[in-house]
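For reference, the chains in residue letters:
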Amino acid sequence: MTLQLSAAEARRVFLDAQGLARRTPSRRARASDFDRYLNRQGVLQLDTVNVLARAHYLPLYSRLGAYAPADLDAYLWGDERGHSAHAFEHWGHEASVMPRDMLPLLHHRMVGASNWKVRRRDQLEAERPGLLDAVRAAVDAHGPVVASDLEHLAPRAEARGSWWDHGHVKEALEYLFITGAVAASRGRHFTRTYDAPMRGWGLSAAEEGEWGVPAGEARQALFDRALSATGIGTVKDLCDHFRLPYAAGARTPDVAGGAVWAASAVERGLAAWTQVEGWDAPALIAVDGSASAPPGHRAARDPGRATGRALLSPFDPVCWYRPRLLRMFGVDYRIEIYTPAPKRVYGYYCLPLLVGDRIVGRLDLKADRQAGVLRVQAAWHEPGRAPGSRALSRGVVAEAAAAELDAMAGWLGLDTWTVTGMGDLAPAL
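Residues numbered from 1 in each chain as written. Predicted model: local features only at pLDDT ≥ 70, side-chain atom pairs only at ≥ 80, totals over all residues. Heavy atoms only, no water.

An unreviewed UniProt entry annotates the chain as Crosslink repair DNA glycosylase YcaQ family protein originating from Demequina muriae.

Visitor: How do you make sense of the layout of surface pockets when you look at a structure like this?
Guide: Think of a ball as big as a water molecule: rolled over the atoms, this probe shows where empty space is left. The volume enclosed by the second largest pocket comes to roughly 440 Å³. Looking at the lining of the second largest pocket, the elements with two or more residues in it are α2 (31–41) and α10 (215–230). Ranked by residue count, the leading element in the lining of the second largest pocket is α10, at six residues. Looking at the lining of the second largest pocket residue by residue, the class counts come to five nonpolar, six polar and seven charged. (1 Å grid on protein atoms, 1.4 Å probe; cavity = no way out; pocket = protein on both sides within 12 Å on 5 of 7 lines; lining within 4 Å. Points joined across faces, edges and corners; volume = space filled by probe spheres on them. Helix = DSSP H or I, 4+ residues; strand = E, 2+ residues; numbered from the N terminus. Nonpolar A, V, L, I, M, F, W, Y, C, P; charged D, E, K, R; others polar.)

Visitor: What am I meant to see in empty space enclosed by the protein here?
Guide: Scanning the model with the defined rule gives one cavity of 30 Å³ or more in all. For the largest cavity, the calculated volume is near 90 Å³. Considering the residues around the largest cavity, the lining is formed by 14 residues, among which Ser84, Ala87, Phe88, Ala184 and Ser185 are closest to the centre. Sorting the residues of the lining of the largest cavity by element identifies β3 (87–91) and β5 (183–186) as the ones contributing at least two each. Residue classes in the lining of the largest cavity are distributed as seven nonpolar, five polar and two charged.

Visitor: Help me understand unusual backbone geometry, please; the structure alone is not making it clear to me.
Guide: With an omega of 5°, the peptide bond running from glycine 143 to proline 144 counts as cis. Relative to the elements of secondary structure, proline 144 occurs in the loop between α7 (131–142) and α8 (168–178). Even without being glycine, glutamate 94 reaches a positive phi, approximately 60°. Along the chain, glutamate 94 falls in the loop between β3 and β4 (95–99). For phenylalanine 190, which is not a glycine, the phi torsion comes out positive at approximately 70°. By the element assignment, phenylalanine 190 lies in the loop between β5 and β6 (192–195).

Visitor: Hey, could you run me through the pattern of salt bridges in this one?
Guide: Opposite charge on two side chains permits pairing when their charged atoms draw close. For the structure shown, the criterion picks out 25 salt bridges. Here glutamate 89 ties to arginine 192 by a salt bridge, and the two come within 2.6 Å at their closest N and O atoms. One end of the pair, glutamate 89, is in strand β3; the other, arginine 192, is in strand β6, and 103 residues separate them in sequence. When sorted by exposure, glutamate 89 lands in the same class as arginine 192, which is buried. (Salt bridge = Lys/Arg side-chain N within 4 Å of Asp/Glu carboxyl O. Buried < 20%, exposed > 50% of the residue type's maximum accessible area, 1.4 Å probe, protein only.)

Visitor: In this structure, what is going on with the packing of aromatic side chains? I would like to understand it.
Guide: Two descriptors summarise a pair of aromatic rings, namely the distance from one centre to the other and the angle between the planes of the rings. Counted under the stated rule, the structure contains nine aromatic pairs. Taken together, a centroid distance of 5.4 Å and an interplanar angle of 65° make the contact between phenylalanine 34 and tyrosine 67 edge-to-face. Remark: tyrosine 67 occurs in the loop between α3 (57–64) and α4 (69–76) and phenylalanine 34 occurs in helix α2; sequence separation between them is 33 residues. An aromatic cluster of at least three residues, connected via ring pairs, comprises Phe34, Tyr61, Tyr67, Tyr75 and Trp411. In this structure, arginine 186 is placed above the aromatic ring of phenylalanine 190, and the distance from its NZ or CZ to the ring centre is 4.3 Å. Positioned above the aromatic ring of tyrosine 246 is the side chain of lysine 236, whose terminal nitrogen or guanidinium carbon lies 5.0 Å from the ring centre. (Phe/Tyr/Trp six-rings, centres within 6.5 Å; stacked < 30°, edge-to-face > 60°. Lys NZ or Arg CZ within 6 Å of the ring centre and 35° of its normal.)

Visitor: Just checking my understanding: could you explain the sheet that holds strand β7 (residues 232–233) for this structure?
Guide: Strand pairs in the sheet, formed through backbone hydrogen bonds, run parallel or antiparallel to each other. Read across the open sheet, the four strands follow the order β1-β8-β9-β7; overall the sheet is mixed. In this open sheet, the two strands that pair with only one neighbour each are β1 (3–5) and β7. Sitting on the sheet, α10 touches β7, β8 (271–276) and β9 (283–286), and the angle it makes with β9 is about 75°. (Pairing = 2+ DSSP bridges. Contact = heavy atoms within 4.5 Å. Axes fitted to C-alpha atoms, helices over the stretch in contact; angles between N-to-C directions.)

Below, the structure written as structure tokens:
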């Protein structure tokens, strides 16, 4: 039997699974809270943009309230070598940190063939013969290291001309990281460090070890975890969480595809099919499961009313998959950090403002640390509306935004916040 849900019910189920249906707790977050979030979501995206705060800090702040970022760094990269018993870094949803128990599920991505890997290896071998082996040996002998520690292995004669202008050593390290030949972590100033897998993970290099879960089982397990993390979604929604290929193709002939993973989840009692008001495709909803449900499986829950309020990072899981954001919240969203300034519509680093079960505004924020000011470079009333919801007035939205700006400025250690005047919400704010 197919369940029937209203658009509002589906939205509340999703926000509850995301930990956003309730107000942030008043107590200070602890390592156990970080652990709970990372294990529930399975992935925390990383990014170098620091105009407001590092990308991995913001999803925890949106759910837990003010906490010390140094505490999260200690949890993620805690010991003297920058390694953690809790997490590891690899390509989960883009560059990400994930719970350590998921490492075997990523093994197939490390050892799997891809055109990118072949091209990068062949290019490096052609331009710098033997460099990959030399870099790997240096990491094994001297890790953890950063790229600059090994530049002497392939000194730059001149700039290579790419936008990122990575040197050969950095490209070799990134290739070794992607293929699981070295383990990555983070050092001072968020710099990626590299070490031998045995020191970083307590495991041998990916191509040398038998510790990985076979590709088919691993993809199914990642799909199952995405189901628990999101509570409800179409098959494409769920595949996006860990960037699983939706269907087999020329590049992924060994992939069963989302339809097969979905059918398996239903057959094993982890999910049920549901039809959501206004959705073109059927959805899966996480259910109680069976005695054989994987550890950490969590059934979806409708809290009845969503009372949370938060500013959401562009790198928050809620914002990852644009078709879901539009379908659930009526929000047509894109990150404009890579858009030339004259073509930006809302601003360089716009954060959606969540109030209850709807997204009601967007704020383009910048932390001016030297001046001690959180700058609201643009403030917009959200033009779209969540299906089945009522619009909020600009005054109500501005009041909610002001409260969140007060809280965020305090968390970032800034004295105040100020509005430049750009955007249709700016006058009310």
